[in-house]
Amino acid sequence: MARTFKEVLESGDFVITAEAAPPKGTNLGHFRQHVALLKDKVHALNVTDHQSSVMRYPSLGGAIMIKEMGGEPILQMTCRDRNRLALQADLLFAHSRGVANVLCLTGDSIVVGDHKTAKSVFDLDSSQLVRTIRTLEKGYDLAGNQLDGGVKFCAGAIVTPEADPIEPQLIKFEKKIEAGAEFIQTQAVYDLDHFAEFMAYARPFGAKIMAGIILLTSAAMARFMNKNVPGIKVPQDLIDEMAAAPKGKALEAGIAIAGRMIRRIKDEKLADGVHIMAIGKEDKVPDILDAAGVKL
Amino acid sequence: MIRSITQPKLDTALESLLEGYTRLFVVGCGTCVTLTQTGGAPQVAAMRERLLSWGKMVTGSTVVPVACDELSHEILEEHQGAVASAEALVIMTCAFGVQTIAGQFGKMVVPALDTLFIGKESAAGTFLEVCVQCGQCILGETGGICPVTSCHKGLVNGPCGGTKAGKCEIDPNKDCAWTLIYNRLKSFDKLDLMRRYQPPRHHNVEPKPGRFQAPGT
């Protein structure tokens, strides 16, 4: 029987997770294919929650489907769209359907998404959401009322090692761990020397830390992220490497870079694992793992 | 001094609100909207021209001193005739002014502006939102900078991952509140305040609509 994500975290093995985005609509065919392809190649699959504030099939629905297919889901929950009643209710629902892992996020701004006039909520923040999970686990809701049947989760949160400035981000990171985060996924990292410095700071806090890996698909994508995505910095040498790839071979170059980074993170024990975000190219995750020479 | 910050409605929106009205009286204000150049004397004059170009009749116009205060008898009397012959008032003040004037003149009102926020002039012509009247002031723990107002997401336990060079992910012209708070607290050697966990906030300190009775009144 496959191990739970928590068991893998506690085993000390190099943890490998990947991301799966539910569809815009109810055609779950592609999502199901990605899950089938990846569920036995990674330790757990993250299901995104209206990523980039774009309305989609819910992360909870995707997580339940992964569970039903015999995979290990990590339910992403943002604080953007639900108040504390709805978040707690969804945690009860998730537990009742066997979803055991939750990644707590603040959530992107509504105004970057596809429903720009919607009301944003942020009734709780990510550290408060982690504490909410720990409170529910004690058998009480946030109002102090007793639950008839409790919950148990492996709770995680995120950090952005390339945030600018970094110091306020690190204080938030520490608050998330104090709140009870057992694992931390990072925003995509590319400069592994810089990431090693971050890890020297972060390791003593005890949470398992998984380095975020976003698959580069072109030099233009790398430049776009540098310009537009806060907390992501692709060094010039990697952009040059992508740009130097022969026509039609950029994706292969990106897979090679991702594989090389994962290999180094594992060999040099830079982190406890990796979280692979092959945005829109989920079917390439096995190729990345092959390039890295890692498997479960 | 705090100011009510407004912006003009789009012409298409205003024209649609004015459908069915022919005779109009225009009201501006000498306070906030004069500063923001959205409802002062020049804007009221321009509105008269625009209304004429749309085929409306303008029975008169005025720029009252402070539209959110009760208007004096003198003002009401001075414009009584022109207001009486108008079917509606086109009001170029913030929404506080619109409500006051609607009550005092007893006429249908058409707001020409949208009220954005309560702000303070931080540099010539630049206005920043300063307080969202949350009923649970946190400024003592943030060095006097309000994250409930100044953080796009209203976060109270530190920044999200969207800080870019100390600016907010949604607009490079907007400061990241938590970068400002960090720097301020650091300068006072008070970063322990930022490390302190802030529990979920009370969003119903004064349930809407707000009402306050001063003691002994």
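In short, a report on the structure. Because the structure is predicted, anything quoted here is derived from the model rather than measured. (Residues numbered from 1 in each chain as written. Chains lettered and ligands numbered in written order. Predicted model: local features only at pLDDT ≥ 70, side-chain atom pairs only at ≥ 80, totals over all residues. Heavy atoms only, no water.)

**Some words on the sheet that holds strand S2 (residues 44-47) of chain A**
Residue and element names in this part refer to chain A.
Alright, step 1. The strand order around the closed barrel built from eight strands is S1-S2-S3-S4-S5-S6-S7-S8, with neighbouring strands paired in parallel fashion. This sheet shows a mean twist of 25 degrees between the axes of neighbouring strands, independent of strand direction.
Alright, step 2. Summarising the sheet, strand S3 (residues 73-78) and strand S4 (residues 101-105) pair through five bridges and their orientation is parallel. Paired with Leu75 across the strands is Val102, a residue of S4. (Pairing = 2+ DSSP bridges. Helix = DSSP H or I, 4+ residues; strand = E, 2+ residues; numbered from the N terminus. Axes fitted to C-alpha atoms, helices over the stretch in contact; angles between N-to-C directions.)

**A closer look at the environment of His115(A)**
Residue and element names in this part refer to chain A.
Alright, step 1. Relative to the assigned elements, His115 resides in the loop between S4 and helix H5 (126-137).
Alright, step 2. Through-space distance from the C-alpha of His115 to that of Val54 is 7.0 Å; in sequence the pair is 61 residues apart.
Alright, step 3. The contact partners of His115, leaving out residues within four places of it in the chain, are Lys24, Ser53, Met55 and Ile110.
Alright, step 4. A distance of 2.7 Å separates the side chain of His115 from the side chain of Asp114, its partner in a polar contact. (Contact = heavy atoms within 4.5 Å. Polar contact = N/O pair within 3.5 Å; in protein donor to acceptor, adjacent residues only side chain to side chain.)

**Brief notes about empty space enclosed by the protein**
Alright, step 1. The tally for this structure, following the rule as stated, stands at two cavities of 30 Å³ or more.
Alright, step 2. The volume enclosed by the largest cavity comes to roughly 130 Å³.
Alright, step 3. As for the largest cavity, its lining consists of 16 residues, of which Cys151(B), His152(B), Cys160(B), Cys168(B) and Cys176(B) are closest to the centre.
Alright, step 4. Elements with a contribution of two residues or more to the lining of the largest cavity: strand S8 (167-168) and helix H8 (177-187) of chain B.
Alright, step 5. Split into classes, the residues belonging to the lining of the largest cavity amount to eight nonpolar, four polar and four charged.
Alright, step 6. Put simply, the second largest cavity is a space of about 40 Å³.
Alright, step 7. What lines the second largest cavity is simply Lys175(A), Glu141(B), Thr142(B), Val156(B), Trp178(B), Leu193(B), Met194(B) and Gln198(B). (1 Å grid on protein atoms, 1.4 Å probe; cavity = no way out; pocket = protein on both sides within 12 Å on 5 of 7 lines; lining within 4 Å. Points joined across faces, edges and corners; volume = space filled by probe spheres on them. Nonpolar A, V, L, I, M, F, W, Y, C, P; charged D, E, K, R; others polar.)

**Regarding the side chain of Glu174(A)**
Alright, step 1. Relative to the helices and strands, Glu174(A) is located in helix H6 (residues 167-179).
Alright, step 2. Among the residues examined, Glu174(A) registers a relative accessible area of 16% and is labelled buried.
Alright, step 3. A polar contact of 2.7 Å, which involves the side chain of Glu174(A), links it to the side chain of Tyr201(A).
Alright, step 4. Residues within four places of Glu174(A) in sequence aside, it is in contact with Tyr201(A), Phe205(A) and Arg195(B). (Buried < 20%, exposed > 50% of the residue type's maximum accessible area, 1.4 Å probe, protein only.)

**Re the packing of H5(A) against H6(A)**
Packed helices, taken two at a time, are described by the angle their axes make and the gap between the axes.
Residue and element names in this part refer to chain A.
Alright, step 1. The contact between H5 and H6 brings their axes to 8 Å, and the two run at 5 degrees. Compared by their axis directions, H5 and H6 come out roughly parallel. Residues Ser126, Ser127, Val130, Arg131 and Arg134 of H5 form the contact with H6, whose participating residues are Lys172, Lys175, Lys176, Glu178 and Ala179.
Alright, step 2. A breakdown of the residues in the contact of H5 with H6 according to their chemical character gives two nonpolar, two polar and six charged. (Parallel < 35°, antiparallel > 145°, perpendicular 65-115°, else oblique.)

**A short note on the interface of chain B and chain A**
Alright, step 1. The interface of chain B with chain A comprises 29 residues on the first partner and 30 residues on the second.
Alright, step 2. Buried area between chain B and chain A, summed over both chains or domains, comes out near 2,500 Å², and the portion from carbon and sulfur atoms is 56%.
Alright, step 3. Applying the counting rule to chain B against chain A returns one salt bridge.
Alright, step 4. Its salt-bridge partner being Arg195(B), residue Glu174(A) comes within 3.0 Å of it at the nearest N-O pair.
Alright, step 5. Contributing elements (two or more residues each) for the side of chain B that touches chain A: H8 and helix H9 (192-195) of chain B. (Buried area = accessible area lost by both parts, 1.4 Å probe. Salt bridge = Lys/Arg side-chain N within 4 Å of Asp/Glu carboxyl O.)

**Observations concerning H5(A)**
Residue and element names in this part refer to chain A.
Alright, step 1. Over its 12 residues, H5 extends 17 Å from the first C-alpha to the last, a length consistent with the 16 Å expected when each residue adds 1.5 Å.
Alright, step 2. Among the 12 residues in H5, nine count as buried, and that is most of the element.
Alright, step 3. Buried within H5 are the following residues: Ser126, Ser127, Gln128, Leu129, Val130, Thr132, Ile133, Arg134 and Leu136.
Alright, step 4. The inward-facing, buried residues of H5 contact S3, helix H4 (84-96), S4, strand S5 (154-159) and H6.
Alright, step 5. Two residues or fewer past H5, Gly139 is found with a positive phi of approximately 95 degrees. (Expected span 1.5 Å × (residues − 1).)

**A few points about the environment of Thr135(A)**
Residue and element names in this part refer to chain A.
Alright, step 1. With respect to the helices, strands and loops of the structure, Thr135 is situated in helix H5.
Alright, step 2. A relative accessible area of 25% places Thr135 in the partly exposed class.
Alright, step 3. The spatial distance from the C-alpha of Thr135 to the C-alpha of Val151 is 9.6 Å, given a sequence separation of 16 residues.
Alright, step 4. Beyond its immediate stretch of four places on either side in the chain, Thr135 contacts Tyr140, Asp141 and Leu142.

**Some remarks on the pattern of salt bridges**
Alright, step 1. Tallied over the entire structure, the rule returns 27 salt bridges over all chains.
Alright, step 2. By sharing partners, the salt bridges in this structure join Lys6(A), Glu10(A), Arg134(A), Glu137(A), Lys152(A) and Glu182(A) into a single network.

**Remarks on unusual backbone geometry**
Alright, step 1. In this chain, Asp164(A) is followed by Pro165(A) through a cis amide linkage whose omega measures 5 degrees.
Alright, step 2. Mapped onto the secondary structure, Pro165(A) falls in the loop between S5 and H6.
Alright, step 3. A positive phi is found at Gln37(B), a non-glycine position, where the angle reads about 60 degrees.
Alright, step 4. Mapping Gln37(B) onto the fold places it in the loop between helix H2 (32-35) and helix H3 (41-53).

**Some thoughts on the sheet that holds strand S3 (residues 57-64) of chain B**
Residues and elements named next belong to chain B.
Alright, step 1. A sheet is described by the order of its strands in space; here four strands give the open sequence S3-S2-S4-S5, paired in parallel fashion. Single-partner strands in this sheet number two, and they are S3 and strand S5 (108-111). Here the average twist between neighbouring strands, direction ignored, is 25 degrees.
Alright, step 2. Bridge count for strand S4 (residues 88-91) against S5 is four bridges, and the pairing is parallel.

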